Amino acid sequence: MMSNSRPNGARQEPGKVPANVDLRPNGALRPNGARRPVEPRPPGTDATPAHGRRPWSRSLALAVALAVAVPITWWAVTRPTSPPPSRVPATASIPFSPVGDAYVSSVRPDVNTGSSPVLRTASRPKILSYLTFSLAGLSGTVTSARLRFWSDVPDLRGVAVHAVDRSWNENSITAATAPAPGETVALTGVVSAKGWVTADVTPLVLGNGLVRMALTQVGSGSGQYDSREGAHPPVLVVRTNSRVLAGSPAAVLSGAVDNVPRASGSRYTARDDHGRSIDTLKIIPRPGGGYLGVYHSGSQGAFRVYLAESRDLLHWTSKVQLDNNASQPTIAALSDSGYLLADEASGNQAAGLRPRLRFRHYASLSALLTGRADRTFEAPHTLAPRGHGEEGTPVILSAVLSPNLSHSRITVGFHYSLPYRPDRPGLGVLANFSSWTARPDTALETALRSDGVSGRIGDRDAVTFLGASFELVEAQVRAGPAWNIYLYDERTRRAVPLHVRTNQGSQSFGNPTVTNLRAPSGAMALVFTLFLPQSLAASGEAGELIYYRTYSANH
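Overview of the structure. These figures come from a predicted structure and were not determined experimentally.

A few points about the pattern of salt bridges
Under the defined criterion, the tally for this structure stands at 14 salt bridges. Among the salt bridges present, the one from Arg358 reaches Glu378, with a minimum N-O distance of 2.7 Å. Of the two residues, Arg358 sits in strand β19 (residues 356–362) while Glu378 sits in strand β20 (residues 375–378), which places them 20 residues apart along the sequence. For Glu378, a relative accessible area of 33% translates into the label partly exposed.

Quick notes on the sheet that holds strand β21 (residues 390–401)
Within the open sheet, the four strands sit side by side as β21-β22-β23-β24. Their pairing is antiparallel. The open sheet has two free edges, formed respectively by β21 and β24 (435–440), since each of these has just one partner strand. Averaged over all pairs of adjacent strands, the angle between their axes in this sheet comes to 25 degrees, without regard to strand direction. As defined by bridge partners, β21 adjoins strand β22 (residues 408–417) across nine bridges and the pair is classed as antiparallel. Bridge pairing in β22 places Val395 opposite Gly413.

Examining the pairing of strand β2 (residues 98–105)
Extensive coverage of β2 is indicated by the burial of seven of its eight residues. Looking at chain direction, β2 and strand β4 (residues 127–135) are connected through seven bridges and run antiparallel. Counterpart to Ser105 in the pairing with β4 is Ile127.

Considerations on unusual backbone geometry
Cis geometry marks the peptide bond from Arg124 to Pro125; its omega dihedral reads -5 degrees. By secondary structure assignment, the location of Pro125 is in the loop between β3 (118–122) and β4. For the bond from Ser402 to Pro403, the omega torsion is 5 degrees, close enough to zero to count as cis. Tracing the backbone through its elements, the reader meets Pro403 in the loop between β21 and β22. Phi at Lys194 takes a positive value of approximately 55 degrees, unusual for a residue other than glycine. Along the chain, Lys194 falls in the loop between β7 (184–187) and β8 (195–200). A relative accessible area of 56% places Lys194 in the exposed class.

What counts, and at which threshold
Along each chain, the written sequence defines residue order, and numbers are assigned to residues from 1. This being a predicted model, a pLDDT of at least 70 is required before a residue's local features are given, and a value of 80 or more before pairs of side-chain atoms are given or counted; all residues contribute to the totals for chains, interfaces and linings. Each side-chain value is worked out from all heavy atoms of the structure, with water and hydrogens disregarded. Criterion for a salt bridge: a side-chain nitrogen of Lys or Arg within 4 Å of a carboxyl oxygen of Asp or Glu. Helix and strand assignments come from DSSP, with helices taken as H or I runs of at least 4 residues and strands as E runs of at least 2, each series counted from the N terminus. Only protein chains enter the accessibility calculation, which uses a 1.4 Å probe; a residue whose area is less than 20% of its type maximum is buried, one above 50% is exposed, and one in between is partly exposed. Only strands joined by at least two bridges in the DSSP assignment are considered to pair. Interaxial angles span 0 to 180 degrees and are taken between N-to-C directions of axes, which are lines fitted to C-alpha atoms, for helices over the stretch in contact.

As structure tokens, this is what we get:
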């Protein structure tokens with residue numbers, strides 16, 4: 001779907017979230033203290049027990065029974081009431097392998113060791129090692145993160161683990177280009193030979209995203225450890241306090257999308273600091289804190305793609321223009337510390353080109369912030385015939401670098417159109433950033449058609465939430481101006497319609513995006529963006545809508 005309305009003004013109308021109520025039973029049983037009255041004996045009855053039992057033996061039996069029963073009864077009714085069992089948050093422990101590691105040496109300042117099976121540290125000459133991990137699929141609050149790596153030799157002093165703020169590339173890092181290590185977050189102490197070393201690096205791990213660190217020698221000495229190419233690769237074990245949720249992941253995700261008034265934060269008719277509309281905004285975390293977003297703005301047929309930064313998810317400062325005559329952008333951080341931008345390049349009638357998919361690679365955050373792409377690829381029409389139809393609205397489903405862009409597999413979802421037929425979903429693979437293949441996404445289309453969708457199927461975005469994979473998809477139940485949002489469960493291959501409720505009651509929603517990240521408060525959050533077309537938007541709501549919903553173990 002192509003966004004087309006450009007309303008003026010912005011309004012933020014956050015809804016009130018009712019406080020959680022914890023109902024707990026309390027209070028002990030209260031005995032009334034009254035003794036049971038003795039029933040009068042009927043006249044004429046014999047006081048002598050039947051079967052010749054003597055009165056004193058009966059009295060003795062009663063006394064013994066009372067001596068035993070009274071203390072037990074008193075304990076039962078006066079003992080403290082046990083508190084109800086607490087809801088212990090579910091925990092998850094997830095291991096991550098490094099996506100890049102290397103060591104650098106001051107005596108060989110221009111030598112790269114990215115393919116070496118070992119990592120090294122030393123004080124003289126100065127040798128240090130670098131590791132990068134790409135974390136995805138985490139939910140809840142990170143409670144601990146431990147780096148484990150295998151030592152080949154003993155070291156009486158061990159190593160220090162440092163934060164690294166700047167990006168680096170495993171295949172090109174040298175002592176001359178390596179970023180300086182930052183704050184020390186852990187010390188290993190004495191290291192034994194042929195064994196695992198563990199360092200608590202929890203301060204470095206906030207949630208999903210890239211985690212970069214450096215190992216330096218403590219005092220005089222040296223160490224040698226297995227790299228990811230070695231026999232015992234390093235591992236980062238992240239433990240989370242997962243969200244205790246009512247309902248399935250699909251039900252919780254649906255509830256977060258549906259109810260905009262209950263969002264933790266929201267903004268209608270969003271614009272950047274230049275007053276430009278930020279249509280089809282896709283948000284990802286920014287290394288070092290804050291957020292990055294890509295979006296398009298401009299008039300129909302002359303859109304430009306921009307990059308902006310934010311500290312609060314709702315207000316955006318434009319940094320650079322990334323593409324011209326293009327729209328519907330999306331972005332992903334890669335394991336080479338670079339970034340991948342995908343968008344829909346506008347048609348060029350003179351060249352006989354219809355809208356098509358375009359990809360740009362940025363080698364680092366610095367390159368992205370300054371708009372310096374080092375590689376570009378335009379996908380030829382594969383499903384739509386050349387000169388007819390279009391292919392666009394990309395979503396990056398996965399990007400695997402083995403180990404770099406020239407040896408990679410990027411899987412993309414998109415939509416395509418054929419002459420006189422409604423738009424349909426497709427799947428494409430960009431191999432080694434040089435070869436493109438595509439096919440219809442029959443599973444997604446079948447799921448949507450089965451739920452009654454007969455119109456166009458357009459833009460979408462994907463997310464992993466609580467261990468399950470989902471897509472948000474825009475589609476039309478029938479031909480007309482209204483667009484609906486559907487939730488597609490990749491495991492069950494079912495699509496269900498969502499019923500988005502805004503503060504004023506808008507009726508059409510398109511260009512959905514979703515990202516699982518850490519909110520400005522530090523809590524985990526789902527952040528959504530939707531485009532509300534002018535024709536069916538309520539007063540003050542047309543344009544780009546940004547909203548997010550936090551969740552935690554006590555949500």
